[in-house]
Structures are given as C-alpha cells and as structure tokens.
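# What the coordinates show
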Amino acid sequence: ANEPRETTSPVPSIFPLGYTLYPNGGSDQGLFGAPYQSIFELEYAPSKHAALRLQYTSGNVLGGQFNVFGANAELSITNQLAIFGRYGVGSYDDTTFGDIEPSYWMAGVAFKDLFKSGALAGIAIGQPFIENKVGSASQTNFEAFYNLPVSDNIRLTPLVQVITNPANREENGTILTGTLRTVFSF
C-alpha cells in the first residue's frame, strides 16, 4: 500500500496529482517513514447551531513536504436545514512546478430528518486543488449522500461523487463513484 505506483492496483493512477507534483517521488517503506500526515484542529462553537473550525495539516507524500491551513464554518438555519463552507490554502515545496500554493474550497447544504427521523442528507460542491501552474485548475467535485438510520445500532449511507477534470486535466474525463457505508454501533 505504501507504493501505489505498482501496476497491480485495481484503479490505475490512483494518485495522479501526486505523481504530477513529484514524478520521481517514492517512499521510505517504513512504519515511521514517508508518507505521513498530521492534523491539528481547533473548534469554536458559540452555540449548538454554529461552529467554526481552524485546521492545520502537514505531511510528506512521495518525498515532498506539504502544509495546509483551512477554515470550516457550519450554521444551522433551522432545525432541519444547515449550510457549511470551507476554504484553505496550502504550500507544496520543490514540486515539478517549483514551490506552489494551491487553494481549495467547498460549500454545501444538509437536511436533517429528511424522509425519516434521525436521517441526514447532504449535497456539496468544491474544488480541492486550485493551482493554475498544475493543469487547468478546474477539478470540481460534486457529492450527495443520505445517512439513513435502519435501527438504533445500524446506519446506511449511500454516497455518490462526480469528479470532473480529475487532477486538473480535462483529458482525464469524468469519474463517477458510488459508495455504500454501513455503520454498526455497539
């Protein structure tokens, strides 16, 4: 798993953007070697209807160092409707394109108790890596999910994601993914 470049992967080019930034990168193949990622988050919630989170992530992927700073805001409009947004900026050192500072954003809406008490549905749109030096800076992710309580201990969440211009390259085509997550609580 530490060498995703292997051709035995069921999904070719699973990390195309990483190899675009660091085409000669590799890993140390060790438990405490690269790649690694650390995350720090600070939350301020003045009420149960609003929250602001500040995040910092640092890591090493394919031998390249990155640091990312972000802010996330959530606001309940009503008991059944909430909105969220996030924005961030990062720095990646010594890439093929030099030192770069991409940004990202995402916005969405969530619907509580939609069709069933305890359910949660949401839709979101975002751009995870905006950097004109790397392709067209046009990758856009669209996501929709529905978290359905089957019982007090089981939740099902079907999720659909559409990714246009993956890795900021129009020639990569559109990716459509579907996931069904099941959570058992004990």
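First, a word on scope: everything that follows refers to the structure included in this document. Quantities reported herein were computed from a predicted structural model and do not represent experimental measurements. (Residues numbered from 1 in each chain as written. Predicted model: local features only at pLDDT ≥ 70, side-chain atom pairs only at ≥ 80, totals over all residues. Heavy atoms only, no water.)

## Description of the overall build of the protein
Helix and strand content of the protein: one helix and 10 strands. Secondary structure elements of the protein occur, N-terminal to C-terminal, as α-β-β-β-β-β-β-β-β-β-β. Classification of the 186 residues of the protein by burial places 33% in the buried group. Here the contacts in the protein between residues at least 6 apart in sequence split such that 41% fall between residues at least 24 apart. (Helix = DSSP H or I, 4+ residues; strand = E, 2+ residues; numbered from the N terminus. Buried < 20%, exposed > 50% of the residue type's maximum accessible area, 1.4 Å probe, protein only. Contact = heavy atoms within 4.5 Å.)

## What to know about a negative patch on the surface
The grouping of Asp-93, Asp-94, Asp-99 and Glu-101 at the surface amounts to a negative patch. Mapped onto the secondary structure, Asp-99 falls in strand β5 (residues 98–100). Asp-99 sits in the exposed class, given a relative accessible area of 51%. (Patch = residues over 30% accessible without salt bridge, like charges linked within 9 Å, V, L, I, M, F, W, Y side chains within 5 Å. Areas by Shrake-Rupley, 256 points an atom, 1.4 Å probe, with all protein chains shown as cover. Salt bridge = Lys/Arg side-chain N within 4 Å of Asp/Glu carboxyl O. Lys, Arg positive; Asp, Glu negative; His and termini not counted. Charge placed at Lys NZ, Arg CZ, Asp CG, Glu CD.)

## Some thoughts on the nonpolar core
One finds Leu-17, Leu-21, Tyr-92, Ile-100, Phe-129 and Val-134 to be the most contacted residues of the largest nonpolar core, which totals 13 residues. Put simply, the parts of the chain that give this core at least two residues each are α1 (16–21) and β3 (64–76). When sequence neighbours within four positions are dropped, the list of residues in contact with Leu-21 reads Tyr-92, Thr-95, Thr-96, Phe-97, Ile-100, Phe-129 and Val-134. (Core = buried A, V, L, I, M, F, W, Y, C linked by side-chain atoms within 4.5 Å.)

## With respect to a nonpolar patch on the surface
A cluster of nonpolar side chains, namely Phe-40, Leu-42, Tyr-44, Leu-52 and Leu-54, defines an oily patch on the protein surface of about 540 Å² accessible area. At the level of secondary structure, the elements contributing two or more residues to the nonpolar patch comprise β1 (36–47) and β2 (50–61). For the nonpolar patch, the element with the most residues is β1, which contributes three residues. Counting through the fold element by element, Phe-40 comes out in strand β1. Note on Phe-40: relative accessible area 53%, which makes it exposed.

## Quick notes on the pairing of β2
Within a regular strand, side chains alternate between the sheet's two faces. The sheet contact formed by β1 and β2 spans 10 bridges and is antiparallel. Residue pairing across strands places Gln-37 opposite Gly-59, the latter belonging to β2. Here β1 hands over to β2 after two residues, the two strands then running antiparallel side by side. In this sheet, β3 lies alongside β2 in antiparallel orientation, the contact comprising 12 bridges. Bridge pairing in β3 links Leu-52 to Ala-73. Linking β2 to β3, which pair antiparallel, is a turn of two residues; within it Leu-62 sits at a positive phi near 55°. (Pairing = 2+ DSSP bridges.)

## Examining the pairing of strand β9 (residues 154–164)
Where strand β8 (residues 140–149) lies against β9, eight bridges are found, and the strand directions are antiparallel. Bridged to Phe-145 within β9 is Leu-159. Between β8 and β9, which pair antiparallel in sequence order, lie four residues. Here β9 runs beside strand β10 (residues 175–184); their pairing, made up of 10 bridges, is antiparallel. Across the sheet, residue Leu-156 finds its bridge partner in β10, namely Thr-182.

## Section: the pattern of salt bridges
Inspection of every chain in the model, using the stated rule, returns three salt bridges. Across the pair Glu-41 and Arg-53 runs a salt bridge, and its minimum N-O distance is 3.8 Å. Highlighted residues: Glu-41 in strand β1 and Arg-53 in strand β2, separated in sequence by 12 residues. Given a relative accessible area of 44%, Glu-41 falls into the partly exposed group. Take Arg-53: its relative accessible area is 15%, and that puts it in the buried class. Of the charged contacts, one joins Glu-74 and Arg-53 as a salt bridge, the two residues approaching to 2.5 Å between their closest N and O atoms. Of this pair, Glu-74 sits in strand β3 while Arg-53 is found in strand β2, placing the two residues 21 residues apart along the sequence.

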